[in-house]
Amino acid sequence: MRNNLSNMQKAEIQISELFYSIQGEGLLAGRPSVFIRLAGCPLRCDFCDTKYAHDPKAGAEMMVDELVDKIIKHSAKYAVITGGEPMVSPQINLLCEEIKKHNIHITIETAGIKFVPNLACDLMSISPKTSNAYGKQSDKDMYLKIDEIQKLVENYDYQLKFVAEKIEDITEIHQVIDNLNGIDHSKVLLMPQAKDAAEYMKISPLIAELCKANGFAYSPRLQLLWPDEK
Ligand code: SF4
């Protein structure tokens, strides 16, 4: 026990930001949640709205126990570990373990590029990337790792959240799902690609129709309610 505590106190993690807000996306949209944005992402998606978290040195280094103290001060029932790409953080296992000691529901938001076993994670929120993220076909293998996504959906409760902007995206989304085994379609969501509320309002009716036609769920982007926040 003493060893565990001292390891935890020594462990440092790079945090881009920590804030308390409303989950804006996915099956848990609307839940008050503490967001822990880890620094570092190896991808460069065209539509990325958290470019400031790409650098593994973005933000500040913090001890894991100090971070967990800040999280529990919000008395939230939900924590969302996001990024960047949280699954590449060397401390992801420890962070989940320490948050879970406080009986908080944990969502990890990931692009699905790396499987990590035995995480104390309640919902693996996977956003598989299609060509609207990476553009060049030669980049596909770096952005879309079917084998890693397969292991994630087999080992965790999950949602598959696809960013969609046009009818043609549906073909690629079906290809991704067809390449995976045993996907529960009720856990597949389409989320409109939009930089701001005006774009969101414009594209949402099309994405809602695509959800209806394909039996997928619609994911809102409630964060657009705060247009001045990053
Ligand atoms: S995976 Fe996420 S954080 Fe990384 S570039 Fe893509 S959208 Fe941005």
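Keep in mind it's a predicted model, so treat the numbers as computed, not measured.

Q: Before we go on, may I ask you to explain the environment of Ser127 in this structure?
A: Of note, Ser127 is situated in the loop between strand 6 (123–126) and helix 4 (131–134). Ser127 sits 14 residues away from Asp141 along the chain, and the two C-alpha atoms are 15 Å apart. Beyond its immediate stretch of four places on either side in the chain, Ser127 contacts Thr110, Ala111 and Lys161. Within polar-contact distance, the side chain of Ser127 engages the backbone oxygen of Lys161 at 3.3 Å.

Q: Sorry, what's going on with the site of the ligand here?
A: Every residue close to the ligand is listed here: Cys41, Leu43, Arg44, Cys45, Cys48, Thr50, His54, Gly84, Ala111 and Lys129. Among the residues forming the shell around the ligand, the class breakdown is 5 nonpolar, 3 polar and 2 charged.

Q: Explanation requested: helix 2 (residues 64–72) in the structure shown.
A: Each α-helix turn comprises 3.6 residues. Residues three or four places apart therefore point the same way. Regarding helix 2, the residues found buried are Val64, Asp65, Leu67, Val68 and Ile71. The arc that holds every buried residue of helix 2, seen down its axis, measures 155°, which confines them to one face.

Q: So what exactly am I meant to see when it comes to the packing of aromatic side chains here?
A: By convention here, two paired aromatic rings are described through the distance between centres and the angle between planes. The final tally for this structure, using the stated rule, is 3 aromatic pairs. For the pair Phe115 and Tyr156, a centre-to-centre distance of 6.4 Å together with 50° between the ring planes defines the contact as tilted. Within this pair, whereas Phe115 is found in the loop between strand 5 (105–110) and strand 6, its partner Tyr156 is found in the loop between helix 6 (146–155) and strand 7 (158–164), the two being separated by 41 residues in sequence. Judged by relative accessible area, Phe115 falls into the buried class, the value being 18%. The aromatic ring of Tyr158 is capped on one face by Lys187, whose charged end is 4.8 Å from the ring centroid.

Definitions and cut-offs
- Along each chain, residues carry numbers from 1 onward, in the same order as the chain's sequence is written.
- Local features in this predicted model are restricted to residues of pLDDT 70 or higher, and side-chain atom pairs are both shown and tallied only at a pLDDT of 80 or more, whereas totals for entire chains, interfaces and linings draw on every residue.
- Side-chain numbers come from the whole structure's heavy atoms, not from hydrogens or water.
- Secondary structure counts use DSSP, requiring at least four H or I residues in a row for a helix and at least two E residues in a row for a strand, with both numbered from the N terminus.
- Should any heavy atoms of two residues lie within 4.5 Å, those residues are counted as being in contact.
- Side-chain atoms alone can form a polar contact between residues adjacent in sequence; in general such a contact is a pair of N or O atoms within 3.5 Å, and within protein one must be able to donate a hydrogen while the other accepts it.
- We call a residue near a molecule or strand as soon as one heavy atom of that residue lies within 4 Å of the molecule or strand.
- Each residue is assigned to one class: nonpolar for Ala, Val, Leu, Ile, Met, Phe, Trp, Tyr, Cys and Pro, charged for Asp, Glu, Lys and Arg, and polar for all the others, Gly among them.
- Type-normalised accessible area, obtained with a 1.4 Å probe on protein chains alone, sets the label of each residue: buried when under 20%, exposed when over 50%, and partly exposed for intermediate values.
- Throughout, the arc means that of the directions going from the helix axis to the C-beta atoms.
- Stacked, tilted and edge-to-face are the three classes assigned to paired rings of Phe, Tyr and Trp, where Trp is represented by its six-membered ring and a pair needs centres within 6.5 Å; plane angles under 30 degrees give stacked, over 60 edge-to-face, the rest tilted.
- Look at NZ for Lys and CZ for Arg. If either is within 6 Å of the ring centre and within 35 degrees of the ring normal, a charge sits over the ring.

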